[in-house]
Amino acid sequence: MNQYAVYLGNISFSYEDNMVIKNLSLSVKSGEHIGIVGDSGCGKSTVLKILAGLYEPDCGKTTIAGECSPEKIREKEALVMQHNSLFPLSIRDNITCGHDISEEKVRAACENASLTKWIESLPNGLDTNVGERGNQVSGGQAQRIQIARALCKDAPIVLLDEPVSALDQDTGHSVLNALNRLTDGKTVIHVTHHQEMLDKSYTVYRMIGGKLVRE
């Protein structure tokens, strides 16, 4: 088990009386890219939240980069969500999350997340407030800020939950390019409705009946 970057062993999870995950297992080696696809409500986002240490399974074992406790697991991962997950703070604070990160590293992350040109156009630059729930920035800008945050964290495991589903084609392409830079050399779990978003580097599993079936 220690050879795996991500390990789920016979986990189950229920919302009240509705079991959405049943005896699910997944083993992912370091550097592997895994895609999880399936219909809405099949449980794939629930799997990602368990992997992120946000949900605890009813039974079974979760080990991420050798860690089992949710607090330690979260230290090993970077998460880019489908929905805007920005704080009502500045762009800089949303990227650093209060950690002591050098200006050079923040600006390099912005460059790699395709944010630099937009930030330079803002009167307050990195110190621009994104508004309540990020309502002062577009969906594409919010996604790229999340990616810059993940780049600064430089965690060995990257979790992606429909990161481009709400974006138009041009913006989605830009965000995908930033995601490629984020995921290069990392262990990646990517949950999506759109299998065409997953390139040939991905091993794809379909969520069926609360379990993962390899495509």
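Shown above is the structure to which this text applies.
None of the values given here were measured: they were computed from a predicted structure. (Residues numbered from 1 in each chain as written. Predicted model: local features only at pLDDT ≥ 70, side-chain atom pairs only at ≥ 80, totals over all residues. Heavy atoms only, no water.)

1. Observations concerning helix 7 (residues 169–183)
In an α-helix, one turn spans 3.6 residues; hence positions three or four apart end up facing the same way.
Phase 1 of the analysis: Between its first and last C-alpha, helix 7 extends 20 Å over 15 residues, near the 21 Å set by a 1.5 Å rise per residue.
Phase 2 of the analysis: Every buried residue belonging to helix 7 is among G172, S174, V175, A178, L179, L182 and T183, and all of these are buried. All buried residues of helix 7 lie within an arc of 165 degrees about the axis, which places them on one face of the element. Exposed side of helix 7, more than 90 degrees from the buried face: Q169, D170 and H173 are the residues found there.
Phase 3 of the analysis: Structurally, helix 7 contributes buried residues whose contacts are with strand 3 (33–37), strand 5 (77–80), helix 4 (103–112), helix 6 (139–153), strand 6 (157–161) and strand 7 (187–191).
Phase 4 of the analysis: Positive phi appears at G185, one or two residues downstream of helix 7, with a value of about 80 degrees. (Helix = DSSP H or I, 4+ residues; strand = E, 2+ residues; numbered from the N terminus. Expected span 1.5 Å × (residues − 1). Buried < 20%, exposed > 50% of the residue type's maximum accessible area, 1.4 Å probe, protein only. Arc of directions from axis to C-beta. Contact = heavy atoms within 4.5 Å.)

2. Concerning the sheet that holds strand 4 (residues 59–64)
Phase 1 of the analysis: Sheet architecture is open: 3 strands sit in the order 2-1-4, paired in antiparallel fashion. Of all strands in the sheet, those bounded by a partner on one side alone are strand 2 (18–29) and strand 4. Averaged over all pairs of adjacent strands, the angle between their axes in this sheet comes to 15 degrees, without regard to strand direction.
Phase 2 of the analysis: Against the sheet, helix 1 (residues 44–51) engages strand 1 (4–15), strand 2 and strand 4, with an angle of about 125 degrees to strand 1. (Pairing = 2+ DSSP bridges. Axes fitted to C-alpha atoms, helices over the stretch in contact; angles between N-to-C directions.)

3. Here's the deal with unusual backbone geometry
Phase 1 of the analysis: One non-glycine residue, D154, adopts positive backbone phi at about 55 degrees.
Phase 2 of the analysis: With respect to the helices, strands and loops of the structure, D154 is situated in the loop between helix 6 and strand 6.
Phase 3 of the analysis: Overall, D154 belongs to the partly exposed group, its relative accessible area being 49%.
Phase 4 of the analysis: Here the phi dihedral of E162 falls at roughly 45 degrees; this positive angle occurs in a residue that is not glycine.
Phase 5 of the analysis: Among the secondary structure elements, E162 is positioned in the loop between strand 6 and helix 7.

4. Description of the pattern of salt bridges
Phase 1 of the analysis: Taken as a whole and judged by the stated rule, the model has 5 salt bridges.
Phase 2 of the analysis: For R107, the salt bridge is made with E103, and the minimal N-O distance between the two is 2.8 Å. Within this pair, R107 and its partner E103 are both found in helix 4, separated by 4 residues, close to a single helical turn.
Phase 3 of the analysis: The partly exposed category is assigned to R107, whose relative accessible area is 44%.
Phase 4 of the analysis: E103 gets classed as partly exposed once you look at its relative accessible area, which sits at 36%.
Phase 5 of the analysis: Through salt bridges with shared partners, one network takes in R92, E103, R107 and D127. (Salt bridge = Lys/Arg side-chain N within 4 Å of Asp/Glu carboxyl O.)

5. Quick word on the packing of helix 4 against helix 6
Phase 1 of the analysis: Between helix 4 and helix 6, the shortest axis-to-axis distance is 8 Å and the interhelical angle comes to 130 degrees. Taken together, helix 4 and helix 6 sit at an angle that is classed as oblique. Judged by the sense of rotation from one axis to the other, the crossing of helix 4 with helix 6 is right-handed. Contacts from K105, V106, A109, C110 and N112 in helix 4 reach A148, L151 and C152 in helix 6.
Phase 2 of the analysis: A class-by-class count of the residues in the contact of helix 4 with helix 6 yields 6 nonpolar, 1 polar and 1 charged. (Parallel < 35°, antiparallel > 145°, perpendicular 65-115°, else oblique. Left-handed = near helix turned anticlockwise from the far one by under 90°. Nonpolar A, V, L, I, M, F, W, Y, C, P; charged D, E, K, R; others polar.)

6. Side note on the sheet that holds strand 3
Phase 1 of the analysis: As summarised here, the arrangement of the 6 strands in space is 5-6-7-3-8-9, forming an open sheet in which the pairing is mixed. Where the open sheet ends on each side, the last strands, each with one partner, are strand 5 and strand 9 (211–214). Direction aside, neighbouring strands of the sheet carry axes that sit 20 degrees apart on average.
Phase 2 of the analysis: Its contacts with the sheet place helix 7 against strand 3, strand 5, strand 6 and strand 7, and it is angled at close to 155 degrees to strand 6.

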